[in-house]
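Reading the structure
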Amino acid sequence: MRAWVDISAPAHVLVFRPLLGLLREDGHDVEVTTRDYAQTLELLDQHRIEATIVGRHGGRSRAGKARSLFSRLSALKKFARDREYDLALAHGSHELTITARRLGIPSATTHDYEYATLQHHLGDRAATRVVVPEAIPTERMARFGVRPPKLLKYPGLKEEYYLYDFEPNESVLSELGIDSGRTLVIVRTPPDVSLYHRRSNPLFPQVLAHIGSQEGVHAVVVPRSPEQRDYVRGLALPSVIVPERAVDAQSLIALSDLVVSAGGTMNREAAALGVPVYTTYGGRIGGVDEMLIREGRLLPLTDPRALKLRKRDGEAAERIRRDPRILLDLLLTAS
């Protein structure tokens, strides 16, 4: 089978790393496209995934996103037209499923947040199969035209699948100059270029100021863009470390005492690795995070003073490692 995978954001690199390996192990011919967005290209390089760059992110404005969408749709169609793909796969890339439908290629997409409304109205409607976690209620997917048998579900978190073989690399601590005697906090900035997160997040700067002034803390801030990196550095907070490039965030999380994230994937990675995690997300909470909050694996934060800034006692909670072939088999039902 000739398969086409489009990786359009940093988190998608992690999701597809084991799936690409399994596809090729099974003898399939796989080609990957990507776009120049945040740390996507750096992570592809880190994980030695070859990809053809097609387009870039459109920025924060709706006009910029629209221009980028139409430009990339045209470029992807030109790229794929004569390649005779049997299947197209994505994690939330609506450009891929739209292009695949225009070219008559079966497609499957997966995602784990149901309130990226515009993205799903475009991408899910165009897809042959849509694969989501069981935690997302079926009725929330129906408004995108997605119902069984088009809708398929998997148990647990997507992070439990792509972290199935993960073991932390402790060298990341020395590379960043982290003092092992301090409480290590990993901080993820808000997704402020996303249309589904339009409201400002006043809590995040408060959290950053609180953590960054604690003498017994080392806070590693993982930004989403050069602009966010420059902003955090400009605050000159004494306890804050801002990496220059994309880092092994999963190892940092696993070795940390606490994670505070205004996004989604890093929250769930911490939960999957058994690390205490607080969310400052300012958008609408989706089904997966609702489940984690109910289970006590994700803690909503409304006041920075509520953070328990201390060294983690003992080992992390027991991890759930799930076979990524389960997720791949669901995606392959589109073919």
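Preceding block: the structure.
Calculation rules
Throughout this description, residue numbers start from 1 for each chain and increase along the sequence as written. Local features in a predicted model are, by the rule used here, given only for residues with pLDDT of at least 70; side-chain atom pairs are given and counted only at 80 or more, and totals for whole chains, interfaces and linings are based on all residues. Hydrogens are left out, water is left out, and the side-chain values use all remaining heavy atoms of the structure. Axis definition: a line fitted to C-alpha atoms, over the contacting stretch in the case of helices. Angles run 0 to 180 degrees between N-to-C directions. Numbering of helices and strands runs from the N terminus, with a helix taken as a DSSP run of H or I at least four residues long and a strand as a DSSP run of E at least two residues long. Roughly parallel here means an angle under 35 degrees, roughly antiparallel means over 145, roughly perpendicular means 65 to 115, and every remaining angle is called oblique. For a crossing to be left-handed, the near helix must be turned anticlockwise from the far one by less than a right angle; the clockwise case is right-handed. Only heavy atoms enter the contact rule, under which two residues are in contact if any of them lie within 4.5 Å. Just so you know the grouping, Ala, Val, Leu, Ile, Met, Phe, Trp, Tyr, Cys and Pro go in nonpolar, Asp, Glu, Lys and Arg go in charged, and all remaining residues, Gly too, go in polar. By definition here, a salt bridge exists when the distance from a side-chain nitrogen of Lys or Arg to a carboxyl oxygen of Asp or Glu is within 4 Å. Relative accessible area decides the class of each residue, using a 1.4 Å probe on protein chains only: under 20% of the type maximum gives buried, over 50% gives exposed, and in between gives partly exposed. Each pair of strands is called paired provided DSSP finds at least two bridges between the two strands.

1. Focus on the packing of helix α4 (residues 94-103) against helix α5 (residues 117-126)
Packed helix pairs are characterised by how far apart their axes lie and by the angle those axes make with each other. One can describe the packing of α4 onto α5 by two numbers: an axis separation of 8 Å at closest approach and a directional angle of 40°. Between α4 and α5, the angle falls in the class oblique. Considering only the axes of α4 and α5, their crossing is left-handed. Contacts from H94, T97, I98 and R101 in α4 reach Q119, L122, G123, R125 and A126 in α5. By residue class, the composition of the contact of α4 with α5 is 3 nonpolar, 4 polar and 2 charged.

2. Let's talk about the pattern of salt bridges
Under the counting rule described, the total for this entry stands at 23 salt bridges. A salt bridge links E114 to R140, with the shortest nitrogen-to-oxygen separation between them at 2.6 Å. Placement of the pair is E114 in the loop between β5 (107-110) and α5 and R140 in helix α6 (residues 138-142), with a sequence separation of 26 residues. Here K311 and D257 are joined by a salt bridge, their closest N and O atoms 3.5 Å apart. Residue K311 is located in the loop between β13 (299-300) and α14 (324-332), and its partner D257 is located in the loop between α11 (249-255) and β11 (258-261); the two are separated by 54 residues in the primary sequence. Taking the relative accessible area as the measure of exposure, K311 reaches 37% and is therefore partly exposed.

3. Regarding the pairing of strand β8 (residues 183-188)
Burial of β8 is extensive: 6 of the 6 residues sit out of reach of the surface. Residue alternation in β8 divides its side chains into two sets, T183, V185 and V187 and L184, I186 and R188, and both sets are buried. Strand direction decides the pairing type here: β8 and strand β9 (residues 217-222), joined by 6 bridges, are parallel. Directly across from V185, in β9, lies its bridge partner A219.

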